[in-house]
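These are the residues of each chain, in order.
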Amino acid sequence: MTRAQQIDQLMAQYAAKRRRAQAERQGRVERARELDPAIALLQEGMARRFSQVTRQMLGNRERSAQIAAQLRAQTLADQEAVRQRLKALGLPPDYLDLHYECPLCQDTGFAGEDRTRYCACFEKALGQARWSSRVRGEHSFERYDPDIFPTPEQRALTGRARAICQQYADAFPNAPKPGLVLMGESGLGKSFLLDAVACRVQERGYPALRLTAFRMLEAMRAYHMGENGEDAPFQEMLSCPLLLLDDLGTEPVLRNITIEYLFLLLNEREGMATVIATNLTPSQLMTRYGERVCSRLLDKRQNEVILLKGQDLRLRGKT
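Rules and cut-offs
Residues numbered from 1 in each chain as written. Predicted model: local features only at pLDDT ≥ 70, side-chain atom pairs only at ≥ 80, totals over all residues. Heavy atoms only, no water. Salt bridge = Lys/Arg side-chain N within 4 Å of Asp/Glu carboxyl O. Helix = DSSP H or I, 4+ residues; strand = E, 2+ residues; numbered from the N terminus. Buried < 20%, exposed > 50% of the residue type's maximum accessible area, 1.4 Å probe, protein only. Pairing = 2+ DSSP bridges. Axes fitted to C-alpha atoms, helices over the stretch in contact; angles between N-to-C directions. Parallel < 35°, antiparallel > 145°, perpendicular 65-115°, else oblique. Contact = heavy atoms within 4.5 Å. Nonpolar A, V, L, I, M, F, W, Y, C, P; charged D, E, K, R; others polar.

*Asks:* Let's hear about the pattern of salt bridges: which residues, and what values?
*Replies:* Any two side chains of opposite charge can pair if their charged atoms end up close together. Inspection of every chain in the model, using the stated rule, returns 14 salt bridges. In this structure, the salt-bridge partner of Glu 101 is Lys 17, at a minimum N-O distance of 3.2 Å. In this pair, Glu 101 is assigned in the loop between α3 (64–88) and β1 (110–111) and Lys 17 in helix α1 (residues 3–35), connecting sequence segments 84 residues apart. Residue Glu 101 is classed as exposed on the basis of its relative accessible area, which comes to 54%.

*Asks:* Requested: an account of the environment of Glu 142, with residues and values cited.
*Replies:* Mapped onto the fold, Glu 142 is located in the loop between α4 (120–131) and α5 (152–171). In this structure, the C-alpha to C-alpha distance between Glu 142 and Gly 27, residues 115 residues apart in sequence, is 40 Å.

*Asks:* Give me the sheet that holds strand β6 (residues 273–278): which residues, what numbers.
*Replies:* Here 5 strands make up an open sheet; going across it, the order is β4-β5-β6-β3-β7 and the pairing parallel. With one partner strand each, in any of the chains shown, β4 (209–212) and β7 (303–307) form the two edges of the open sheet. Between one strand and the next, the sheet's axes are offset by a mean angle of 10°, whatever the strand orientation. Where strand β3 (residues 179–183) lies against β7, 5 bridges are found, and the strand directions are parallel. Bridging from a neighbouring strand, Leu 182 pairs with Ile 306 of β7.

*Asks:* Go over the pairing of β6, please, and point to the residues and values.
*Replies:* In terms of burial, β6 is largely enclosed, as 6 of its 6 residues are buried. Side chains of β6 alternate between two faces, with Ala 273, Val 275 and Ala 277 and Thr 274, Ile 276 and Thr 278 buried alike. Direction of pairing for β3 relative to β6: parallel, over a ladder of 5 bridges. Along β6, the bridge assignment pairs Val 181 with Ile 276. As paired strands, strand β5 (residues 242–248) and β6 are joined by 5 bridges and run parallel to one another.

*Asks:* Describe the packing of helix α7 (residues 213–224) against helix α9 (residues 258–268), naming the residues involved and giving the relevant values.
*Replies:* In the contact formed by α7 and α9, the axes pass within 10 Å of each other and the chain directions differ by 100°. Taken together, the axes of α7 and α9 lie roughly perpendicular to each other. Residues Met 216, Leu 217, Met 220, Tyr 223 and His 224 of α7 form the contact with α9, whose own contacting residues are Thr 258, Tyr 261, Leu 262 and Leu 265. Among the residues making up the contact of α7 with α9, the classes are represented as 7 nonpolar, 2 polar and no charged.

*Asks:* Lay out unusual backbone geometry in plain terms, naming residues and giving numbers.
*Replies:* Following Phe 172, the chain continues to Pro 173 via a peptide bond in cis, the omega torsion being 5°. Here Pro 173 shows up in the loop between α5 and β3. Despite not being glycine, Asp 247 has its phi angle at roughly 65°, a positive value. Looking at the secondary structure, you find Asp 247 in strand β5. The backbone of Asn 256 sits at a positive phi, close to 65°, despite the residue not being glycine. Mapped onto the elements, Asn 256 comes out in the loop between β5 and α9.

*Asks:* Tell me about the pairing of β3, and name the residues and values.
*Replies:* With 5 of 5 residues buried, β3 is to be regarded as a mostly interior element. Burial of the side chains of β3 extends over both faces: Gly 179, Val 181 and Met 183 are buried on one face and Leu 180 and Leu 182 on the other.

*Asks:* Can you break down the side chain of Ser 140 residue by residue, with the values?
*Replies:* Turning to its location among the elements, Ser 140 is positioned in the loop between α4 and α5. Overall, Ser 140 belongs to the buried group, its relative accessible area being 12%. Leave out the neighbours within four places in its chain, and Ser 140 touches Phe 192 and Ala 196.

*Asks:* So what's going on with α9? Which residues, and what values?
*Replies:* Since one α-helical turn is 3.6 residues long, residues separated by three or four positions face the same way. Of all the positions in α9, only Thr 258, Tyr 261, Leu 262, Phe 263, Leu 265 and Leu 266 are classed as buried. In this fold, the buried residues of α9 make contact with α7, α8 (233–239), β5, β6, α10 (282–289) and α11 (291–297).

*Asks:* Break down the environment of Arg 292 for me, citing the residues and quoting the values.
*Replies:* Here Arg 292 lies in helix α11. With relative accessibility at 48%, the residue Arg 292 sits in the partly exposed group. Along the primary structure Arg 292 and Gly 109 are separated by 183 residues, whereas in three dimensions their C-alpha atoms are 42 Å apart.

Next up, the structure:
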């Protein structure tokens, strides 16, 4: 689905929100009027007075400001009378107001009356639609089972890694460091923890894009070949709020692409949330990608580096 199609789909959802808010308000108005018919009289009086005063202002422009001031004063008095009657019924003072999910845009999706830019809630929903659908959901912190690890040492080490990852996901987007790098041999739970971070962040309402290193390389190759439209995957990798890359180091090394675009990606995302899992050691990363890439991956000012050790759970039939 293109960005334009996703925007259209979200706009339809926002229109449905407004209709739902209006219908719910109408239900509350009818209930309040049934409980206290004087509320209906006050509301009808305000509506009738507004119509009458509008005609008076059009017929007497010299006194229009005075007439408008009188209307405001009387309206405020009537509104206060309604609130007092609601209070007597045990209802909140805003009971008869429209209750929007987003009070800033009133569920229009736009910030400001000029409607030239999207509200923050709409941008967040759009990002959620564009990126989060590609996050794997079978792994979560709740499904973490320490009993699958064969030794107390491995259980303790992985438990600490889990705690760091969960704290990162719970604090997102305000974690102490923007990135995590999970290192260790195959079958130690790196992909599980990476997925758990993605799921927790998504559950909290933030977008997340998860890719394998092979899919990352496909996106880089397409970008290198000029396939860099609005919906190009590499463009999304550069801009998504949370990027998660699994199995870094398993992708082929293509000349003028792999190392160059990985450096570009890491450089452009400096300070942005990025979680990476790799089977490679620091020395292997240096040999494969060079000093520029390795220094960004292992920069402890930017990334929390987590090293996992122990027995391969896949060989033990535990994953």
